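# Close look at the chain arrangement
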Amino acid sequence: MSERPLTPAFLESPFVKEKVLLGMPLRTYVKSLFTPWNAIAAAILLAGIPTLVFRFWRGLGAVSNLSQTNPWGIWVAFDIVCGVALAAGGYTVACAVYIFGQKDYRPILRPAILTGFLGYALVVFGLIVDLGQPWRLPYQFFLTPGTTAVMYEVGWCVMLYLMVLGLEFLPAALEWLGLVKVRRLLGSLTIGIIVLGVTLSTLHQSSLGAFFLMTPGKLHPLWYSPFLPIFFFVSSISAGIGMVIVESAISHRAFHDQLDPAAPVDLDKITLGLAKGGAVVLFAYFFIRLQGLVASGRFDLLATGWGAWYLFEMLGFVLLPSLLFALAARRHSARLARAAGLLTVLGVILNRFNVSLIAFNWNVADRYVPSAGEVITSLTIVTIGVLVFRWIVNRMPVVHEHPDWRGAH
Amino acid sequence: MNLNRRSLFKLAAAAGTAGVVGAAATSSASVPPASKDARGVLVDTTRCVGCRACEAACAEANALAGPEKPGDDTVFASRRATSPTAYTVVQKGTAKSAAGDDRYAKSQCMHCVTPACASGCVVKALEKTPEGPVVYHKDRCLGCRYCMIVCPFGVPKYEFSSATPLVKKCTFCAERQARGLAPACTDVCPSGALKFGKRADLLEEAKTRIYTNPGTYVHKIYGEDEAGGTSWLYISDVPFESLRLPDGIEKKSYPEMADGALSAVPFVITLWPPLLMGMYTFSKRREEVAAAEGNEKQEEGHV
């Protein structure tokens, strides 16, 4: 009787022990969580969660620097507009593998889809934080749909695409749980799901750019263009490629123990293949941006301070990574390709910030600078994403294939 | 095998159609045209004396806190802006008339003929009524603040300090109008600077005043073409910029600027799935041929 275990019985079940605690006794598992990275994550969450509570208790103004002249801040610019672009790796790689038949990208497919799924989930989380009355979010679908609004289309697409990404990732969870029949059924639906995902992504990635079509005069003429939807769509592909390169490099290092020694992955080769794609897409993007400039005819603005900022973005974060990708592919330098990938990701973030924040309201006196509360909230959202990503990768077949399901759809 | 693939295709098409059918309806950002009887207000700034009676009447009609420092002209020292508790404010112009008189202009929602805010609202919280007013349904608003982003006149204001915030702006006294009354501000105006009536008639009236008083007015009606036309129209004998009315407004309908993008939506929905399925079929066949050729080569090797 005195030998009664201190831990509840369910923690001793083989399922919990193997699937959740990674085969460790509870005490060892908890101890394994005390790492420097986790300490940083805990510090961010400790600051961020009370900030979120305060935001809903006292309103947007209590935490943010939003104002009547600057109604949108980094919660829109970073959490939503950048978030959607940076989650584009899912549809980019899914399209390459399933539609174009580039099967050698398979090892990076599931991490890309998981990044996309978590990315979109966090976009919705960010949206809930930013909306004044988020509990009314379902109104646009059921009660009073604003069918003439660009946001109406984006709302539908993001909701459906989140479900599609869930379905695209579900096989990994089902393999983890050992649910063979459902897993097989889902495999037979793969192509349909992928096609739907690419279609929805084309629509809403471009429509995020269409948000700003009604803001000539507020958005600086070097960034305002009737072609904004096309700019946003094409740059979402380069964002997807850049994110997949960066994310796979980090995952490969961080989750080294998760890799399958029986099926070694040549990540350098995959990265160089992506670099070729990146070079072409970024070069095309550079030229359509130039076409936008030619169509606006505002070459005179290049000689201003805003012109210098525009050239900084165009040359340093579009043309340069494009050339670096090409050079990396030619010299077979995966290192260079990763640097170009990082530059591409930063370039897309810079572009989305320029359109939705920096070059927006460029001509008003009252400029917006994010508050500490806004920054810590955005950091919290990113941290939650990283923690959930790690939790899943450590358990489900993401960076390696499940031995029973090798090469399966 | 073949049947299987065909059923997959059907499934994809069905899922695509059913899922995004709502989005397909979004082919135009335009709002229905206003009726010919739509109401408007003509603001003749040559008649405005800056008494701010309109501000007081507005506050009373909308149950707002009273105007800032009533009767005290020091409020005119700086640029004034509407707020969640003041739907209209009178600005003092920076230029004086030829006779040396101060010039004032009241600012409030312009009630555009084709409003960007209403066309961009995802829950129809802002709606253009055929009678003229752009009305706000406070029980629908999500608080996305896109109306503030797109309004070229910077009109909608938000209750950032509230936990259940709403957008606040001039209502054009839609409820009073429905009862056959004039908007509170136009009712109270003692100098005749505000004239309420049918927008079409007011445009005629404005042109008549300009033509029958040669040399007095600037030859322009602010609001005739701004943002595709607004319910509120202004005439002036000093440059409009000096009255602090927003400058650089495009002279076309703002919702039409998003029409091109929205009209592409149905095409993407109908064209992308078959196009992608076609590409999938090609890459699948390429693989099958490669596999078959590989087998043949192996067999040849055995011979």
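Conventions and cut-offs
Residues numbered from 1 in each chain as written. Chains lettered and ligands numbered in written order. Predicted model: local features only at pLDDT ≥ 70, side-chain atom pairs only at ≥ 80, totals over all residues. Helix = DSSP H or I, 4+ residues; strand = E, 2+ residues; numbered from the N terminus. Rg over C-alpha atoms; globule rule 2.2 N^0.38 Å. Buried ≥ 20, exposed ≤ 12 C-beta atoms within 10 Å, placed from the backbone. Contact = placed C-beta atoms within 7 Å. Nonpolar A, V, L, I, M, F, W, Y, C, P; charged D, E, K, R; others polar. pLDDT = per-residue confidence, 0-100. Pairing = 2+ DSSP bridges. Axes fitted to C-alpha atoms, helices over the stretch in contact; angles between N-to-C directions. Left-handed = near helix turned anticlockwise from the far one by under 90°. Parallel < 35°, antiparallel > 145°, perpendicular 65-115°, else oblique.

### Notes on the overall build of chain A
The number of helices and strands found in chain A is 15 helices and zero strands. In summary, chain A has a C-alpha radius of gyration of 23 Å against a globular reference of 22 Å for 409 residues, a match within 12%. Taking the principal axes of its C-alpha atoms as reference, chain A extends roughly 85 × 55 × 45 Å. Relative to its 409 residues, chain A shows a buried fraction of 47%. Sequence separation of 24 or more characterises 80% of the internal contacts of chain A that already satisfy a separation of 6 or more.

### Some details on the overall build of chain B
Each helix and strand in chain B was counted, giving eight helices and nine strands. For chain B, the share of sequence-separated contacts (at least 6 apart) that also reach a separation of at least 24 residues comes to 66%.

### What about the interface of chain B and chain A?
Taken residue by residue, the interface counts 64 residues in chain B and 53 residues in chain A. Broken down by element, the residue count for the side of chain B that touches chain A peaks at 16 residues, all from helix 8 (residues 259-302) of chain B. Among the residues making up the side of chain B that touches chain A, the classes are represented as 41 nonpolar, 15 polar and eight charged.

### Digging into the confidence of the model for chain B
Low pLDDT means the predicted atomic positions in that stretch should not be read closely. Across chain B, pLDDT averages 89, with 86% of residues at or above 70. Here the predicted complex carries an ipTM of 0.92, next to a pTM of 0.91.

### Quick look at the sheet that holds strand 8 (residues 194-198) of chain B
Residues and elements named next belong to chain B. With mixed pairing, three strands are arranged side by side in an open sheet as 8-1-9. In this open sheet, the two strands that pair with only one neighbour each are strand 8 and strand 9 (232-235). Each strand of the sheet is rotated relative to its neighbour by a mean of 25°, with strand direction disregarded. Two strands pair when backbone bridges link them, and strand 1 (residues 39-44) and strand 9 are joined in this way by four bridges, in the parallel orientation.

### A closer look at unusual backbone geometry
For residues besides glycine, phi is generally negative; the peptide bonds are generally trans as well. Phi is positive for Asn-361 of chain A, which is not a glycine, with a value near 60°. Among the secondary structure elements, Asn-361 of chain A is positioned in the loop between helix 14 (334-358) and helix 15 (372-393). By the C-beta count within 10 Å, which is 21 here, Asn-361 of chain A ends up buried. Phi at Phe-172 of chain B is positive, roughly 60°, even though this residue is not glycine. Along the chain, the position of Phe-172 of chain B falls in the loop between strand 7 (167-168) and helix 5 (174-178).

### Focus on the pairing of strand 1 of chain B
Residues and elements named next belong to chain B. The element strand 1 is extensively covered by neighbouring structure, given that six of its six residues are classed as buried. The alternating pattern of strand 1 places Arg-39, Val-41 and Val-43 and Gly-40, Leu-42 and Asp-44 on opposite faces, both of which are buried. As defined by bridge partners, strand 1 adjoins strand 8 across five bridges and the pair is classed as antiparallel. Among the inter-strand pairings, Val-43 is bridged to a residue of strand 8, identified as Leu-194.

### Regarding the packing of helix 8 (residues 150-177) of chain A against helix 10 (residues 190-210) of chain A
All names here are of chain A. The interhelical angle for the contact between helix 8 and helix 10, taken along N-to-C directions, is 145°, at an axis separation of 9 Å. Remark: the crossing between helix 8 and helix 10 carries left-handed chirality. Listed contacts from helix 10 to Val-150, Glu-153, Val-154, Cys-157, Val-158, Leu-160, Tyr-161, Val-164, Leu-165, Leu-167 and Glu-168 of helix 8 are Ile-193, Leu-196, Gly-197, Leu-200, Ser-201, Leu-203, His-204, Ser-207, Leu-208 and Ala-210. When its residues are assigned to classes, the contact of helix 8 with helix 10 shows 15 nonpolar, four polar and two charged.

### Comments concerning the environment of Cys-48 of chain B
Residues and elements named next belong to chain B. For Cys-48, the location among the structural elements is in the loop between strand 1 and helix 2 (53-61). Taking the number of C-beta atoms within 10 Å as the measure of exposure, Cys-48 has 23 and is therefore buried. Each C-alpha atom of the pair Cys-48 and Asp-102 lies 9.2 Å from the other, and the pair is 54 residues apart in sequence. Apart from the residues within four sequence positions on either side, Cys-48 is in contact with Tyr-104, Ala-105, Ser-191 and Ala-193.

### Considering the packing of helix 7 (residues 106-130) of chain A against helix 15 of chain A
All names here are of chain A. Remark: helix 7 packs on helix 15, axes separated minimally by 10 Å, with the N-to-C direction vectors making an angle of 150°. Classified by the interaxial angle, the pair formed by helix 7 and helix 15 is roughly antiparallel. Relative to helix 15, the crossing made by helix 7 is right-handed. Across the interface between the two elements, Leu-114, Thr-115, Leu-118, Leu-122, Phe-125, Gly-126 and Val-129 of helix 7 pack against Thr-377, Ile-381, Ile-384, Gly-385, Val-388, Phe-389 and Ile-392 of helix 15. Split by residue class, the contact of helix 7 with helix 15 holds ten nonpolar, four polar and no charged.

### Regarding the pairing of strand 2 (residues 89-96) of chain B
Residues and elements named next belong to chain B. As judged from the five bridges shared by strand 2 and strand 3 (residues 102-107), these two strands associate in the antiparallel manner. Note on strand 3: the bridge partner recorded for Val-89 is Ser-107. Connecting strand 2 to the antiparallel partner strand 3 that follows it, the hairpin turn spans five residues, and Gly-100 within it adopts a positive phi of roughly 90°.

### What about the environment of Thr-46 of chain B?
Considering the arrangement of structural elements, one finds Thr-46 of chain B in the loop between strand 1 and helix 2. Considering only alpha carbons, one finds Thr-46 of chain B and Asp-237 of chain B, 191 residues apart in sequence, at a separation of 6.4 Å.

### Some thoughts on the environment of Cys-82 of chain A
Residue and element names in this part refer to chain A. Relative to the assigned elements, Cys-82 resides in helix 5 (residues 74-86). Assessed through the 26 C-beta atoms surrounding it within 10 Å, Cys-82 is described here as buried. Along the sequence, Cys-82 and Val-345 sit 263 residues apart, while their C-alpha atoms lie 9.8 Å from each other.

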